[in-house]
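A closer look at the structure
Read off the chains here:
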Amino acid sequence: MDYQDGNALAGPLSEIFTLDVTVAQGTCAGCGLRGPLAGLHVYGAAPGLVARCPGCEEVVLTLVRGPKDVWLDMRGAVSLRIPVTE
Ligand SMILES: [Zn+2]
């Protein structure tokens with residue numbers, strides 16, 4: 001199945017995070033692979049996106065944009081490490 005890279009999440013996630021979360025380092029709950037969200041394999045088209053781990057293909061996050069809210073399910077991520085400036 002065709003997919004885009006995790007940069008496809010930048011637009012939808014920018015509505016709920018004020019920083020560029022695609023540069024955050026995520027850890028996959030399935031295999032422990034660590035890497036930037038931009039490295040995820042993103043299936044589907046907005047408003048419903050499914051991002052899978054490039055290592056094990058488990059779902060790391062799903063994002064659905066409704067008319068009044070954004071539903072973000074990140075149960076496939078152990079953690080997110082987000083760079084910030086002082
Ligand atoms: Zn994985």
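Higher on the page you've got the structure.
A brief look at the structure comes next.

Analysis parameters
Residues numbered from 1 in each chain as written. Predicted model: local features only at pLDDT ≥ 70, side-chain atom pairs only at ≥ 80, totals over all residues. Heavy atoms only, no water. Pairing = 2+ DSSP bridges. Helix = DSSP H or I, 4+ residues; strand = E, 2+ residues; numbered from the N terminus. Axes fitted to C-alpha atoms, helices over the stretch in contact; angles between N-to-C directions. Core = buried A, V, L, I, M, F, W, Y, C linked by side-chain atoms within 4.5 Å. Buried < 20%, exposed > 50% of the residue type's maximum accessible area, 1.4 Å probe, protein only. Donors = N, O, S within 2.8 Å, 3.2 Å for Na, K, Ca; no water. Tetrahedral: all angles 85-135°; square planar, octahedral: opposite > 155°, others 65-115°.

1. Side note on the sheet that holds strand β3 (residues 34–36)
Taken in spatial order, the three strands make up an open sheet running β3-β2-β8, and their pairing is antiparallel. Only two strands of the sheet have a single partner each, and these edge strands are β3 and β8 (77–81). Taken pair by pair, the neighbouring strands of this sheet meet at an average axis angle of 25°, ignoring direction. Direction of pairing for strand β2 (residues 25–28) relative to β3: antiparallel, over a ladder of three bridges. Across the sheet, residue threonine 27 finds its bridge partner in β3, namely arginine 34.

2. Describing the nonpolar core
Counting residues in each nonpolar core, the largest one holds 15 residues, and the members touching the most others are Leu9, Leu13, Leu37, Leu40, Ala51 and Leu61. Secondary-structure elements contributing two or more residues to this core are β5 (48–52) and β6 (59–65). Counting residues per element, this core draws most heavily on β6, which supplies three residues.

3. Describing the coordination of the zinc ion
Protein-derived ligands of the zinc ion are Cys28 (SG), Cys31 (SG), Cys53 (SG) and Cys56 (SG), with the metal-ligand distances lying across 2.3 to 2.4 Å. Coordination at the zinc ion is tetrahedral: its four donor atoms span angles of 104 to 117° at the metal. Within one chain, the residues serving as donors to the zinc ion are arranged as C-x2-C-x21-C-x2-C. You can call cysteine 28 buried: its relative accessible area is 6%.

This is a description of form; function is not addressed.
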